[in-house]
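Here's the letter readout for the chains.
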Number of protein chains: 2
Amino acid sequence: MGTVVALTGQFGGAKLAYGLQQLRGKDLALIVNTGDDYDHLGLAFSPDLDTTLYALGGVASAAAGWEPEGETRALQGMLKAIGGPEQPLLGDKSLAAPLLRTQGLAAGRRLTEITLDFCRHAGIAARVLPMSDDPVRTHVLTDDGAIPFPEYFGQLACAPRARGLEYAGADQARIPDEVLDVLHAADLEAVVICPANPYHTIRPILDISGMRELLRKRGAPVVAVTPIVGGKALKGSAGKMMRDLGKEPSPRAVVIEYLRLIDGFVLDREDTHLVESVRSLGVQALAAQTVMRSLDDRVALARTVLDFARTVREHRAMEVE
Amino acid sequence: MGTVVALTGQFGGAKLAYGLQQLRGKDLALIVNTGDDYDHLGLAFSPDLDTTLYALGGVASAAAGWEPEGETRALQGMLKAIGGPEQPLLGDKSLAAPLLRTQGLAAGRRLTEITLDFCRHAGIAARVLPMSDDPVRTHVLTDDGAIPFPEYFGQLACAPRARGLEYAGADQARIPDEVLDVLHAADLEAVVICPANPYHTIRPILDISGMRELLRKRGAPVVAVTPIVGGKALKGSAGKMMRDLGKEPSPRAVVIEYLRLIDGFVLDREDTHLVESVRSLGVQALAAQTVMRSLDDRVALARTVLDFARTVREHRAMEVE
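Conventions we followed
- Residues numbered from 1 in each chain as written.
- Chains lettered and ligands numbered in written order.
- Predicted model: local features only at pLDDT ≥ 70, side-chain atom pairs only at ≥ 80, totals over all residues.
- Helix = DSSP H or I, 4+ residues; strand = E, 2+ residues; numbered from the N terminus.
- Rg over C-alpha atoms; globule rule 2.2 N^0.38 Å.
- Buried ≥ 20, exposed ≤ 12 C-beta atoms within 10 Å, placed from the backbone.
- Contact = placed C-beta atoms within 7 Å.
- Core = buried A, V, L, I, M, F, W, Y, C linked by C-beta atoms within 7 Å.
- Nonpolar A, V, L, I, M, F, W, Y, C, P; charged D, E, K, R; others polar.
- Pairing = 2+ DSSP bridges.
- Least-squares fit on C-alpha atoms with pLDDT ≥ 70 in both.
- Axes fitted to C-alpha atoms, helices over the stretch in contact; angles between N-to-C directions.
- Parallel < 35°, antiparallel > 145°, perpendicular 65-115°, else oblique.
- Left-handed = near helix turned anticlockwise from the far one by under 90°.
- pLDDT = per-residue confidence, 0-100.

1. Description of the overall build of chain A
Then, number 1: Helix and strand counts for chain A stand at 13 helices and 14 strands.
Then, number 2: Since a compact globule built from 321 residues should have a radius of gyration of about 20 Å, the 19 Å found for chain A is in line with a globular shape.
Then, number 3: Across its three principal axes, chain A shows a C-alpha extent of roughly 70 × 40 × 40 Å.
Then, number 4: Across the 321 residues of chain A, 52% fall into the buried class.
Then, number 5: Excluding contacts between residues fewer than 6 apart, the proportion of contacts in chain A whose partners are at least 24 apart in sequence is 67%.

2. Considerations on the nonpolar core
Then, number 1: If you look at the biggest cluster of nonpolar residues, it comprises 199 residues, and the most contacted ones within it are A:Val223 and B:Val223.
Then, number 2: Looking at this core, the element that brings in the most residues is helix H13 (residues 295–320) of chain A, giving 7 residues.
Then, number 3: A:Val223 has contacts with A:Ala190, A:Val192, A:Ile262, A:Asp263, A:Gly264, A:Phe265, A:Val266, A:Val305, A:Phe308, A:Ala309 and A:Val312, leaving out every residue within four places of it along the chain.

3. Topic: the interface of chain B and chain A
Often the size quoted for an interface is simply the accessible area lost on bringing the parts together.
Then, number 1: Between chain B and chain A, the contact holds 26 residues from the first and 26 residues from the second.
Then, number 2: Of all elements in the fold, only helix H3 (74–81), helix H4 (96–106) and helix H5 (111–122) of chain B reach the threshold of two or more residues within the side of chain B that touches chain A.
Then, number 3: Ranked by residues supplied to the side of chain B that touches chain A, first place goes to H4(B) with 7 residues.
Then, number 4: Along the lines of polarity and charge, the residues of the side of chain B that touches chain A split into 16 nonpolar, 7 polar and 3 charged.

4. Let's talk about the pairing of strand E6 (residues 137–142) of chain B
Residue and element names in this part refer to chain B.
Then, number 1: Pairing of E6 with strand E8 (residues 164–168), which is carried by 5 bridges, proceeds in the antiparallel orientation. Within E8, the position partnered with Arg-137 by the bridge is Ala-168.
Then, number 2: Two elements, E6 and strand E7 (residues 145–148), share 4 bridges in a ladder whose sense is antiparallel. Considered in E7, the bridge of Thr-142 is made with Gly-145.

5. Thoughts on the relation of the copies chain B and chain A
The operation linking the two copies of the chain is a rotation about an axis combined with a translation along the axis.
Then, number 1: Note on the identical chains: chain B maps onto chain A by a rotation of 180 degrees and an axial translation of 0.0 Å, with an RMSD of 0.0 Å. Taken together, the rotation and translation relating the two chain copies correspond to the operation of a two-fold axis. Taking C-alpha positions as reference, the residue of chain B nearest the rotation axis is B:Asp92, located at 3.0 Å.
Then, number 2: Of the interface residues in chain B, 100% have counterparts in chain A that sit at the interface too, so the contact is made through matching surfaces.

6. Let's talk about the sheet that holds strand E14 (residues 284–288) of chain A
Two pairing modes exist for strands in a sheet, parallel and antiparallel, and in both the strands are linked by backbone hydrogen bonds.
Residues and elements named next belong to chain A.
Then, number 1: Across the sheet, which stays open at both edges, the 7 strands sit in the order E5-E2-E1-E9-E10-E13-E14 with parallel pairing between neighbours. Of all strands in the sheet, those bounded by a partner on one side alone are strand E5 (127–130) and E14. Adjacent strand axes in the sheet meet at a mean angle of 20 degrees when their direction is disregarded.

7. Overview of the packing of helix H1 (residues 10–24) of chain A against helix H2 (residues 47–56) of chain A
Residue and element names in this part refer to chain A.
Then, number 1: Between H1 and H2, the shortest axis-to-axis distance is 9 Å and the interhelical angle comes to 40 degrees. The angle between H1 and H2 places the two elements in the oblique class. At the point where H1 passes H2, the crossing takes the right-handed sense. Here H1 contributes Gln-10, Phe-11, Ala-14, Lys-15, Ala-17, Tyr-18 and Gln-21 to the contact with H2, which in turn contributes Asp-48, Thr-51, Thr-52, Ala-55 and Leu-56.

8. Quick look at the environment of A:Val312
All names here are of chain A.
Then, number 1: Within the secondary structure, Val-312 is located in helix H13.
Then, number 2: Taking the C-alpha atoms as reference, Val-312 lies 44 Å from Leu-89; in sequence the two are 223 residues apart.
Then, number 3: Beyond its immediate chain neighbours, meaning those up to four positions away, Val-312 contacts Pro-221, Val-223, Asp-263, Gly-264 and Gln-284.

9. What about helix H4 (residues 96–106) of chain A?
Then, number 1: Extensive coverage of H4(A) is indicated by the burial of 8 of its 11 residues.
Then, number 2: Listed in full, the buried residues belonging to H4(A) are A:Ala96, A:Ala97, A:Pro98, A:Leu99, A:Leu100, A:Arg101, A:Thr102 and A:Gly104.
Then, number 3: Buried residues belonging to H4(A) abut strand E4 (43–45), H2 and helix H5 (111–122) of chain A together with H3 of chain B.
Then, number 4: In the segment just after H4(A), A:Gly108 is the residue with positive phi, at about 90 degrees.

10. Description of the sheet that holds E6(B)
All names here are of chain B.
Then, number 1: Taken in spatial order, the 3 strands line up as E7-E6-E8 in an open sheet, and their pairing is antiparallel. Pairing within the sheet leaves two strands with one partner each, and these edge strands are E7 and E8. Going across the sheet, the axis of each strand differs from the next one's by a mean of 35 degrees, ignoring polarity.

11. Some points on the confidence of the model for chain A
Then, number 1: Considering every residue of chain A, the mean pLDDT works out to 94; 97% of them sit at 70 or more.
Then, number 2: This prediction of the complex comes with two scores: 0.93 for pTM and 0.92 for ipTM.

12. Brief notes about helix H3 (residues 74–81) of chain A
Every α-helical turn comprises 3.6 residues, leaving residues that sit three or four positions apart pointing alike.
Then, number 1: Buried within H3(A) we find A:Ala74, A:Leu75, A:Gln76, A:Met78 and A:Leu79.
Then, number 2: Where H3(A) is buried, its residues meet H4 of chain B.
Then, number 3: Of the residues flanking the end of H3(A), it is A:Gly83, one or two places downstream, whose phi is positive at about 100 degrees.

13. Here we look at the environment of B:Asp92
Then, number 1: Tracing the sequence through the fold places B:Asp92 in the loop between H3 and H4.
Then, number 2: B:Asp92 gets classed as buried once you count the C-beta atoms within 10 Å, which come to 27.
Then, number 3: For the pair B:Asp92 and B:Pro198, spaced 106 residues apart in sequence, the C-alpha separation works out to 30 Å.
Then, number 4: Here B:Asp92 is in contact with A:Thr72, A:Ala74, A:Leu75, A:Asp92, B:Glu71, B:Thr72, B:Arg73, B:Ala74 and B:Leu75, once residues within four sequence places are set aside.

14. Remarks on the pairing of strand E2 (residues 28–32) of chain B
If a strand is regular, its side chains alternate between the two faces of the sheet.
Residue and element names in this part refer to chain B.
Then, number 1: Counting buried positions along E2 yields 5 of 5 residues, so the element is predominantly enclosed.
Then, number 2: Residue alternation in E2 divides its side chains into two sets, Leu-28, Leu-30 and Val-32 and Ala-29 and Ile-31, and both sets are buried.
Then, number 3: Looking at chain direction, E2 and strand E5 (residues 127–130) are connected through 4 bridges and run parallel. Paired with Ala-29 across the bridge in E5 is Arg-127.

Structure representation (structure tokens):
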């Protein structure tokens, strides 16, 4: 068994990442979206990195996966009492990582080093790697101008119509050495694109200059897992955003987004009737249970995805012959 | 009734400040020690300012007066899990003021403006004024060198023997306009030195260049309340520090510390036998109940102190005649 690399973000992505970690431990490396990072009260928030850390550390809330279990809001209450901002809402536990991160960055450390330190202390086996140490900021283009994604998603509750997205800084952002290392690994076995909004979670990673080429460089199969089941995104904003952008919120639209990058696509059992349609796009397809309700579901899906990646590789090998 | 100014810090000082506020509301101005301020995790902590805010806002813990009632430590737990420092211990609610303060300072606002904003939002009638907007840092001089007071008090639990104290920056620190305004008030009625460690809480205030002269400028009586009852400090480090410094931990030693500044001194009923000894130093003395166990005790002592200040003024007027 070799190295597995997964592109991830959001709670859906983190759940599959958890399953992959249970199977592969330190042989798993995650490339995590930082396009939703933002500054608030002078602190550096990295929502996707922290969601990933909580999930992999086994401390994520079952109900609200983006924050730790048993989160409290004592600080927010006092903040309000002395005139602080009411949005975005701060959680007590959720403030620890931004606090340490801000201090580390101020001391000149790289985001990657800081994040790997968190993993080491929290006993997380997988390597959790930011997609870049340079700032990338996803903006939603609306009729009222470009809105930073955290504001669009949080304060505006995705209400403005999305006309498009931009990933400010992605073309100048450099790929960290740690990401280069895992993607150059001699034993690279598979690249997995976790189930997450393709437009604001996965696309910023892919748009880092040189990332797409690098993902294909070692020839390992690239397989994606659908974030859309039965015509709707399970969580978050993917479905609404796809409709705004004039795209049918369907697994097929996700495949089109990843065309020329992925070799295989896992859609949900509920969408089995779409398997042929995906194959007609030149992508191998598998229907499986992609909805992860339990921890066992996460591990089961991770196993399915890795098995599928092996099949994809063998199939490709046959085609070459 | 005119303006009352009180020099304060620590929970003991904050309790009397609370009583004074109940009697005088917006006609009370507090000059608060900032010599114990420190930076931690990149945030600006001002323990005496915050203790004062909690007490005056009516949210201080009855048991641990330096922090808000019902304080929790959820953030600290997560901080530890990802490799953050274990000391000093962070409270969730207690982090709100340092967070907003740090942001305000980074935006170029003065500590005084930020603190007055906190008061306005928290519905605090009195003006809570830092002794300076410039940094002053109290160090305890020990055989191992100069130790910042928060470290001496917190991590070291006052164990090293204190050979002396220094107030780094006090001679360059400027008195803020807001403090100048209240000390120049035409109706200045009294200056109260609240019960607090004279060496590390009151002395830094007095050592700000020009402060002693200013406190006497309008001729209002200056009265101090003892932090020492029956040969021991009620709370904190005053007694131990006084012994270290070779001074008997007694109300008389406190009077000597304030000589040529105060007109009157309130000692505890338990130390009534020391009244004549204090008077022999040329300071008017009054024995009263200085231990404040209830909110009513705070108001009662505040009333006693203000009445005493009036007596002192009248007595002085008679002497002049």
